[in-house]
Amino acid sequence: MTLSSTPSRDAQWPPLPLDGWHETYETLHLWTQIVGKLRLESSPPVNHWWHVTLYLTSRGLTTLTIPQGARSFQVDFDFIDHRLVIAASDGAPQHIALEPKSVAAFYGEVMDALKTLDLDVPIDRRPSEIPDPVPFDQDEQHASYDPDAANRCWRVMLQTDRVFKEFRSHFRGKSSPVHFFWGGFDLAATRFSGRPAPRHPGGIPNLPDRVVQEAYSDEVSSAGWWPGGGPVDEPIFYSYMYPEPLGFPTASVQPVTAYYHPTLREFILPNESVRTAADPDAMLLAFLQSTYEAGANLADWNRSTLER
C-alpha cells in the first residue's frame, strides 16, 4: 500500500472553534506574554515595536536570539513535544513542560530556568492589553492547557504565516515581517504608504498611549489572524487601515463571506470560511489583496511605486 504524502485538509487547516479551547487560549496568551516580555526587556528598540514580536517555526513560536551582554539566549515554544526550551549561547538548554499549570507556576519555572542559565532578565509582571490584569506571579486562575488545541492553533498560524509571506512578497515598499504580537495574540503583517499618520488616540487597556502612537506613527494597511474574543466568537482573518479612509467600510471586497465589523473597524473573514474553501490559499490571498486595494485606492497610496 502506498501512503499519500499530502496532509489531509484538517491537518493543514484544522478546526479551532473558540468555545472548544478558550480556557487554554487565555492561559497560553499569558504564557506568550511572559516570554515576549523577555524579548522586550533585552532587545534594542526597532520602529513600530518590531523588536518585541515572536515568530513561527516548524515546531511552534520563537523569540529568535535575544542579546544579553556578550551572550545571547533564545526561547522557543514547541507545540509538538509541548515544552518550552530556553537555550543560552554558552549553556545546556532548560526545558519546561507545557501542561496544565497556573500562570504563576509557569512564570516561576521560567525565572528559575533563566537563573540556572545565569540570565538576569526582570520583566514587568503585569499583562498587557488585557482588562483587569493579574500579575503573572499571582495568577492562579488561568491554568489550562489542552495540547491538541495548542497544536491546532499553531498549525493554523503556520499556514497563515506561509500565505502572508506570499502576500508580503508582492510589495516593494516598507513592510513588516510576518510576526506574532503577544499583546493581542495575533499574527500580523503590515504595509506602509511611506507617509506619516495622524497621532493615534491610544486608549487600549493596559498599553501606554506612547506604545500605540509609535506603532501607528505611519499610514498602514495591516492584516492578520486572531483566535477571536469579545465581539467575535470565532477565529478570524482581519484587514484594516490606519487612518481609515472615507468609504472604506462600504468598499467591495472578496470573498463574499468577508464583511466589515463596525466595532472592530476592520474587515474580517471567518477562519472557517478559509479552512473549508476548495482553495484556502486563493481565498485568503483574495481577501488580503482586495481589502488592501480598497484601502490603498481610497487613501491614494502611490501603488505604482509601492507594488511589484
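Please read all numbers here as calculations on a predicted model, not as lab measurements.

**Details of the overall build of the protein chain**
Alright, step 1. Check the secondary structure of the protein chain and you find eight helices and twelve strands.
Alright, step 2. Its C-alpha atoms give the protein chain a radius of gyration of 20 Å, within 12% of the compact-globule value 19 Å for 308 residues.
Alright, step 3. Seen through its C-alpha atoms, the protein chain measures out along the principal axes to roughly 60 × 55 × 35 Å.
Alright, step 4. Evaluated residue by residue, the protein chain yields a buried proportion of 53% over its 308 residues.
Alright, step 5. Considering only contacts within the protein chain whose residues lie at least 6 apart along the sequence, 63% involve residues at least 24 apart.
Alright, step 6. In the protein chain, the 25 positive side-chain charges and the 39 negative ones have mean positions that sit 7 Å from each other.

**Comments concerning the packing of helix 4 (residues 147–168) against helix 7 (residues 280–298)**
Alright, step 1. Running from amino to carboxyl end, helix 4 crosses helix 7 at an angle of 45 degrees, the nearest separation of the two axes being 10 Å. On the basis of their axis angle, the class for helix 4 and helix 7 is oblique. Here the hand of the crossing between helix 4 and helix 7 comes out right-handed. Residues Arg162, Val163, Phe164, Glu166 and Phe167 of helix 4 pack against Asp281, Leu284, Leu285, Leu288, Gln289 and Tyr292 of helix 7.

**Focus: the pairing of strand 8 (residues 186–196)**
Alright, step 1. Most of strand 8 sits inside the fold, with eight of its eleven residues counted as buried.
Alright, step 2. Where strand 7 (residues 179–181) and strand 8 come together, three bridges link them in antiparallel fashion. Across the sheet, His179 pairs through a bridge with Ala188, a residue of strand 8.
Alright, step 3. Counted between consecutive antiparallel strands, the loop separating strand 7 from strand 8 contains four residues, among which Phe185 sits at a positive phi close to 60 degrees.
Alright, step 4. Looking at chain direction, strand 8 and strand 9 (residues 218–226) are connected through seven bridges and run antiparallel. From the neighbouring strand, Pro196 faces strand 9, where its bridge partner is Asp218.

**Structural notes on the packing of aromatic side chains**
Alright, step 1. One pass over the structure, following the stated rule, counts 18 aromatic pairs.
Alright, step 2. A ring pair is formed by Trp31 and Phe106, whose centres lie 4.6 Å apart and whose planes are at 10 degrees; its orientation type is stacked. Placement of Trp31 in helix 2 (residues 22–42) and of Phe106 in helix 3 (residues 103–116) is noted, with a sequence separation of 75 residues between them.
Alright, step 3. With relative accessibility at 0%, the residue Trp31 sits in the buried group.
Alright, step 4. Both rings, one in Phe248 and one in Phe267, keep their centres 5.0 Å apart while their planes meet at 90 degrees; by these two values the pair is edge-to-face. Of this pair, Phe248 sits in the loop between strand 10 (236–242) and strand 11 (259–261) while Phe267 sits in strand 12 (residues 266–270), placing them 19 residues apart in sequence.
Alright, step 5. Phe248 sits in the buried class, given a relative accessible area of 0%.
Alright, step 6. One aromatic cluster is present, built from ring pairs that chain together Trp31, Phe77, Phe79, Phe106 and Tyr145.

**Things to note about the sheet that holds strand 12**
Alright, step 1. Read from one edge of the open sheet, six strands run 7-8-9-10-12-11, paired in antiparallel fashion. With one partner strand each, in any of the chains shown, strand 7 and strand 11 form the two edges of the open sheet. Taking the axes of each pair of neighbouring strands and ignoring which way they run, one obtains an average angle of 35 degrees across the sheet.
Alright, step 2. Packed on one face of the sheet, helix 7 meets strand 8, strand 9, strand 10 and strand 12 and runs near 15 degrees to strand 10.

**Re the nonpolar core**
Alright, step 1. Counting residues in hydrophobic clusters, the biggest one holds 92 residues, and the most contacted among them are Phe77, Leu84, Ile86 and Val110.
Alright, step 2. Per element, the largest residue contribution to this core is nine residues, and it comes from helix 4.
Alright, step 3. Leaving out residues up to four positions away in the same chain, Val110 has contacts with Ile34, Leu38, Leu84, Ile86 and Ile96.

**Quick look at the side chain of His29**
Alright, step 1. Here His29 is to be found in helix 2.
Alright, step 2. You can call His29 buried: its relative accessible area is 10%.
Alright, step 3. At 2.9 Å, the side chain of His29 and the backbone oxygen of Gly183 are in polar contact.
Alright, step 4. The residues touching His29, leaving out its near neighbours within four places in the chain, are Ile130, Trp182, Gly183, Gly184 and Phe185.

**Side note on the pairing of strand 4 (residues 71–78)**
Put simply, side chains in a regular strand alternate between the two faces of the sheet.
Alright, step 1. Two elements, strand 2 (residues 60–62) and strand 4, share three bridges in a ladder whose sense is antiparallel. Across the sheet, Gly60 pairs through a bridge with Asp78, a residue of strand 4.
Alright, step 2. Following strand 3 (residues 66–68), the chain reverses through two residues before pairing antiparallel with strand 4; Gly69 in that reversal takes a positive phi of roughly 65 degrees.
Alright, step 3. Alignment of strand 4 against strand 5 (residues 83–88), held across six bridges, turns out to be antiparallel. Paired with Asp76 across the bridge in strand 5 is Val85.

About the criteria used
Residues numbered from 1 in each chain as written. Predicted model: local features only at pLDDT ≥ 70, side-chain atom pairs only at ≥ 80, totals over all residues. Heavy atoms only, no water. Helix = DSSP H or I, 4+ residues; strand = E, 2+ residues; numbered from the N terminus. Rg over C-alpha atoms; globule rule 2.2 N^0.38 Å. Buried < 20%, exposed > 50% of the residue type's maximum accessible area, 1.4 Å probe, protein only. Contact = heavy atoms within 4.5 Å. Lys, Arg positive; Asp, Glu negative; His and termini not counted. Charge placed at Lys NZ, Arg CZ, Asp CG, Glu CD. Axes fitted to C-alpha atoms, helices over the stretch in contact; angles between N-to-C directions. Parallel < 35°, antiparallel > 145°, perpendicular 65-115°, else oblique. Left-handed = near helix turned anticlockwise from the far one by under 90°. Pairing = 2+ DSSP bridges. Phe/Tyr/Trp six-rings, centres within 6.5 Å; stacked < 30°, edge-to-face > 60°. Core = buried A, V, L, I, M, F, W, Y, C linked by side-chain atoms within 4.5 Å. Polar contact = N/O pair within 3.5 Å; in protein donor to acceptor, adjacent residues only side chain to side chain.

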